[in-house]
Amino acid sequence: MRKALAAATATIAAVLALGACSPDYAPGPAGTVHDRSAAYFKSGGWRYRLTVTTTDGQRHGFRVTRDDYRHCFHGSAYPTCTHH
C-alpha cells in the first residue's frame, strides 16, 4: 500500500512539474519587437515580456515563454521569431 501511494504521489508531482515548466500564454499581436524585459519574482521565478510595435504604430506588451524570449530580439518580426 505504501509503495503504491508513493508511486502515485511521485507521478502526480512529475506531471505538475512538467506542466509548470511550459506555460502557455496567449500570443501577442504581430509586429516588430521593440523591447524585451525579464523581471524576477521570488515566488514565481522568471517572467518574460516582449513589447511589439504593430503596423498602425501602437505598442503592445505581453508575457511570453522563455523560449520565445530567447529567440525574439529587438527589431525581429513577431511571431515569426518564435518559430525556431
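Residues numbered from 1 in each chain as written. Predicted model: local features only at pLDDT ≥ 70, side-chain atom pairs only at ≥ 80, totals over all residues. Heavy atoms only, no water.

Details of the nonpolar core
Residues Val33, Tyr48, Leu50, Val52, Phe62, Val64, Tyr69, Cys72, Tyr78 and Cys81 constitute the largest nonpolar core, which totals ten residues. Contributions of two or more residues to this core are made by strand S2 (45-53) and strand S3 (59-64). No other element matches the three residues that S2 contributes to this core. When neighbours within four sequence positions are excluded, Val64 is seen to be in contact with Tyr25, Tyr48, Arg49, Leu50, Tyr69 and Tyr78. (Core = buried A, V, L, I, M, F, W, Y, C linked by side-chain atoms within 4.5 Å. Buried < 20%, exposed > 50% of the residue type's maximum accessible area, 1.4 Å probe, protein only. Helix = DSSP H or I, 4+ residues; strand = E, 2+ residues; numbered from the N terminus. Contact = heavy atoms within 4.5 Å.)

Examining the packing of aromatic side chains
Going through the model one piece at a time under the given rule, you end up with two aromatic pairs. Pairing Tyr48 with Tyr69 gives two aromatic rings, centres 4.8 Å apart and planes at 40°, and the pair type is tilted. Remark: Tyr69 occurs in helix H2 (residues 66-71) and Tyr48 occurs in strand S2; sequence separation between them is 21 residues. Pair check on accessibility: Tyr48 and Tyr69 agree, each one buried. Ring plane angle 55° and centroid distance 5.0 Å describe the contact between Phe62 and Tyr78, whose orientation is recorded as tilted. In this pair, Phe62 sits in strand S3 while Tyr78 sits in strand S4 (residues 77-78), placing the two residues 16 residues apart along the sequence. In terms of burial, Phe62 and Tyr78 fall into one category: buried. (Phe/Tyr/Trp six-rings, centres within 6.5 Å; stacked < 30°, edge-to-face > 60°.)

Remarks on the environment of Thr82
Within the secondary structure layout, Thr82 lies in the segment after S4. It is 7.7 Å that separates the C-alpha atoms of Thr82 and Asp67, two residues lying 15 residues apart in sequence. Separated by 2.5 Å, the side chain of Thr82 and the backbone oxygen of Pro79 make a polar contact. (Polar contact = N/O pair within 3.5 Å; in protein donor to acceptor, adjacent residues only side chain to side chain.)

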